[in-house]
Amino acid sequence: PPGTDEAIAVAKVVQFAEKPEFEKFTRIVIDTAPTGHTLRLLTLPSFIALSIDKILKFRSVISQLAGKSKGDLAIEKLQELQRQMDDAQSLFRDNTKTEFVIVGIPTYLSVAESSRLVRALEDEKVFVRHLVVNQILDFESKEEEKIKRFVTSRMKEQESALG
């Protein structure tokens, strides 16, 4: 189902953050997808934890009516996943452990998208301190030949990519 890969990735991040053998690492870097996917990834842990909570409550009601079932191992796995999702929520919002760095390019669309992402991350209480802007052109006027070579090279790349 949609979101399964992301849920597994989030659970893995929590597992890495908890294991003593990974204490020597000071950073875990997650290269996320575009804005919509990233926001879904950040809200996924709370959605999954809430869904599991509903499943467990429903199971509790059924157990009271029908008696114990053999699903205890599955329930334990769900509870562990719920704990990991709660831990992920806390980790993503702990500005002493987590920082979100936005990476974009200097175009109107990218700047608008990055601005939207900053606002959404602030709403989600996710710490943003840095913004990286790639592909900034910085030629001095005396480097006209360098500019021509660069533009020609880019045109050839584009022509090749478009076939």
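All of the points below concern the structure found in this document. (Residues numbered from 1 in each chain as written. Predicted model: local features only at pLDDT ≥ 70, side-chain atom pairs only at ≥ 80, totals over all residues. Heavy atoms only, no water.)

**Some thoughts on the nonpolar core**
Working step 1: Judged by nonpolar contacts, the single largest core of 21 residues is most densely connected at Val-10, Leu-42, Met-85, Phe-100, Leu-117 and Leu-121.
Working step 2: Among the elements of the structure, helix 1 (4–18), helix 2 (35–66), helix 3 (72–93), strand 1 (100–104) and helix 4 (108–123) are those that each provide at least two residues to this core.
Working step 3: Examining the composition of this core, we find that eight residues originate from one element, helix 2, more than from any other.
Working step 4: In this structure, Val-10 is in contact with Leu-41, Pro-45, Met-85, Ala-88 and Phe-92, ignoring residues within four places of it in sequence. (Core = buried A, V, L, I, M, F, W, Y, C linked by side-chain atoms within 4.5 Å. Buried < 20%, exposed > 50% of the residue type's maximum accessible area, 1.4 Å probe, protein only. Helix = DSSP H or I, 4+ residues; strand = E, 2+ residues; numbered from the N terminus. Contact = heavy atoms within 4.5 Å.)

**Re the side chain of Gln-89**
Working step 1: Note that Gln-89 resides in helix 3.
Working step 2: Among the polar contacts made by the side chain of Gln-89, one reaches the side chain of Arg-93 at a distance of 3.3 Å.
Working step 3: In this structure, Gln-89 is in contact with Leu-42, Pro-45 and Ser-46, ignoring residues within four places of it in sequence. (Polar contact = N/O pair within 3.5 Å; in protein donor to acceptor, adjacent residues only side chain to side chain.)

**Structural notes on the pairing of strand 2 (residues 128–133)**
Working step 1: Of the strand pairs in this sheet, strand 1 and strand 2 are connected by five bridges, and their pairing is parallel. Across the sheet, the residue bridging to Phe-100 is Val-128, located in strand 2.
Working step 2: Traced from strand 1 through helix 4 to strand 2, the parallel crossover comes out right-handed. (Pairing = 2+ DSSP bridges. Right-handed = clockwise from strand over helix to strand, strands pointing away.)

These values are about where atoms sit, not about what they do.
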